[in-house]
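Observations on the three-dimensional arrangement
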Amino acid sequence: MHDPSTLPVMVIDDEEHLRITASQTLELDGYTPYCFESAEQALDALTPDFPGVIVSDIRMPGMDGMTLLRTLRERDPTLPIILITGHGDISTAVEAMRAGAWDFLEKPFAGDQLLDVVRRGLEKRQLSLENDRLKAELEAQQAALGPRLVGRTETISRLAAMIQRISQVETDVLLFGETGTGKDLVARAIHERSRRRHHPFMAINCGAVPENTIESELFGHEKGAFTGAVERRIGKFEHANGGTVFLDEIESMPLALQVKLLRVLQERSIERLGANEVIRLDIRVIAATKIDLKAASEAGRFREDLYYRLNVVTLPLPALRERREDIPLLFQHFAVIAANRSGLEAPPLDSHAIAALLAHDWPGNVRELRNLAERYVLLGAAFDYHLPALLEGDNAETQTTSLTRQVELFEKSLISQSLSRHHGRVTQVCDHLCLPRKTLYDKLKKHSLQAEDYRHSSEP
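Cut-offs and rules
- Within any chain, residue numbers begin from 1 and follow the written order of that chain's sequence.
- Per-residue local features are limited, in this predicted model, to residues with pLDDT of at least 70; the limit for side-chain atom pairs, both in listing and counting, is 80 or more; totals at the level of whole chains, interfaces and linings are taken over all residues.
- Each side-chain value is worked out from all heavy atoms of the structure, with water and hydrogens disregarded.
- Numbering goes from the N terminus for both helices and strands, where a helix is a DSSP run of H or I of at least four residues and a strand is a run of E of at least two.
- Counting of polar contacts relies on pairs of N or O atoms within 3.5 Å, with two restrictions inside protein: one atom must be capable of donating a hydrogen and the other of accepting it, and residues adjacent in sequence are counted only when both atoms are side-chain atoms.
- The contact rule is simple, with two residues in contact once any of their heavy atoms fall within 4.5 Å.
- At least two DSSP bridges between two strands are needed for those strands to be called paired.
- Axes, fitted as lines to C-alpha atoms, cover a helix only where it is in contact. Angles between the N-to-C directions of the axes lie from 0 to 180 degrees.
- Throughout this description, buried means an accessible area under 20% of the type-specific maximum (1.4 Å probe, protein chains only), exposed means over 50%, and partly exposed covers the range between.

A few points about the side chain of Asn-365
Note on placement: Asn-365 falls in helix H15 (residues 365-379). A polar contact is formed between the side chain of Asn-365 and the backbone nitrogen of Leu-320, at a distance of 2.9 Å. With sequence-adjacent residues up to four places away left out, Asn-365 is seen in contact with Glu-178, Thr-179, Gly-180, Thr-181, Ala-319, Leu-320 and Arg-321.

Shown next as structure tokens:
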């Protein structure tokens, strides 16, 4: 979020005393007001991606406020526009809200009223611009070669540079980092930026495959090689020929199998179980671990010769607590992904929410942060988007809620978001959610929601 002093507010009114009063009120609160006596002047001065809000009178000579509203909505539907109506002119205010105004002020209005509606409008504007920026980054990421690390800290910049450099040379790599630091993402980034990107990327979690089947998973087998081998199987190494094999949790690989892996790394060849044929391979191996393999080898839990063979290039991945400056950006990044996937939109983070994010230790690292962002988007409305409660579990419903209750909360959130998006128009909500009208009314009653409460609220 920007500092308030950098955020502009356009005030458009043909009455000079109102422009002066509003300008002084906004300046005293740290905003930068720009005053215009006509809508035409304001339109000429307005730049694309204007980061502020518009405050305009409705009744003005020349272009009136309603015409200005429609013009601005065509230019930028997310720009918050606050219209000033005359005393008792309720019908005009309702028409303005239906036309897409963010809010309205009724003359005469107090300075506190102006500041409150401007503050809320600016929060919404900053969220919209940030979401647009993140969506553009996501689209660029999809168009670019391989996954992209999200972050602006020096630690992440160095890691990204190392990934780019390593991807251009032919060497096996060992990734070292705590659970949830993104070892799979880094492995895929190396593969997608290398000459092998048009060949398979095969990932296998050594800790998730039963010990009695992992050898077959990696090397394959011939028909009849063991009981149950009813046909030939191509293993991960052979299937990935020309590409990359990612061995996650390498520390979990059985010691007996580590001998065979060492041979693969040294000779670049395998033999299927039950076969004598040597199969030559052209692969890169990326291994990942969350423990100190040197200490494990000294303790006899990991082969020392394999450790030294893997330790040619070791890439350490930072824990999230070591790059706290990236946490708000990462949270917004994951929230945008979750919102795009679910058709929802999360509100901006306030200072209390950001403070809670920065204060948390994040034992689950980026994976924990991603899960929180998804929960914030999907269930946040049920808790008034109180992030500290969702994060810390102070609200009993955040961690002890039954599956049935969680589904109910998600359903309520979806309906509430749709009502807000369509300004309480039941027909449009039914179409959006693909619900019969009677079913929607039943669910509104069940969740204590009133369509009327959303008819004078602005679109999120």
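A short note on the sheet that holds strand S3 (residues 53-57)
Here we have five strands laid out as an open sheet, ordered S2-S1-S3-S4-S5, and parallel in their pairing. The open sheet has two edge strands, strand S2 (32-36) and strand S5 (103-106), and neither has a second partner. Strand-to-strand twist across the sheet, computed as the mean angle between neighbouring axes with direction ignored, equals 20 degrees. Of the pairings in the sheet, the one linking strand S4 (residues 81-85) to S5 comprises four bridges and is parallel in character. Each bridged residue has a counterpart across the sheet, and for Leu-83 the counterpart in S5 is Phe-104. Where helix H1 (residues 16-28) meets the sheet, its contacts fall on strand S1 (8-12), S2 and S4, and the angle it forms with S2 comes to roughly 170 degrees. Seen against the sheet, helix H3 (residues 65-75) touches S1, S3 and S4 and runs at an angle of roughly 170 degrees to S4.

Brief notes about unusual backbone geometry
For the bond running from Lys-107 to Pro-108, omega is -10 degrees, close enough to zero to count as cis. Topologically, Pro-108 is positioned in the loop between S5 and helix H5 (111-143). The phi dihedral of Asp-49 falls on the positive side, at around 55 degrees, and the residue is not glycine. With phi around 55 degrees, Trp-362 is a residue other than glycine that occupies positive phi space. Of note, Trp-362 is situated in the loop between helix H14 (351-359) and H15.

Things to note about the side chain of Arg-272
Structurally, Arg-272 is set in the loop between strand S9 (269-270) and strand S10 (279-280). You can call Arg-272 buried: its relative accessible area is 7%. Polar contacts involving the side chain of Arg-272 include one to the side chain of Glu-222, which spans 2.7 Å. Not counting residues up to four positions away in its chain, the partners in contact with Arg-272 are Phe-219, Gly-220, His-221, Glu-222, Arg-232, Arg-233, Ile-234, Glu-238 and Ile-279.

Overview of the environment of Gly-343
Along the chain, Gly-343 turns up in the loop between helix H13 (327-342) and H14. Residue Gly-343 is classed as partly exposed on the basis of its relative accessible area, which comes to 30%. Each C-alpha atom, one on Gly-343 and one on Val-377, is 9.9 Å from the other, the two residues being 34 residues apart in sequence.

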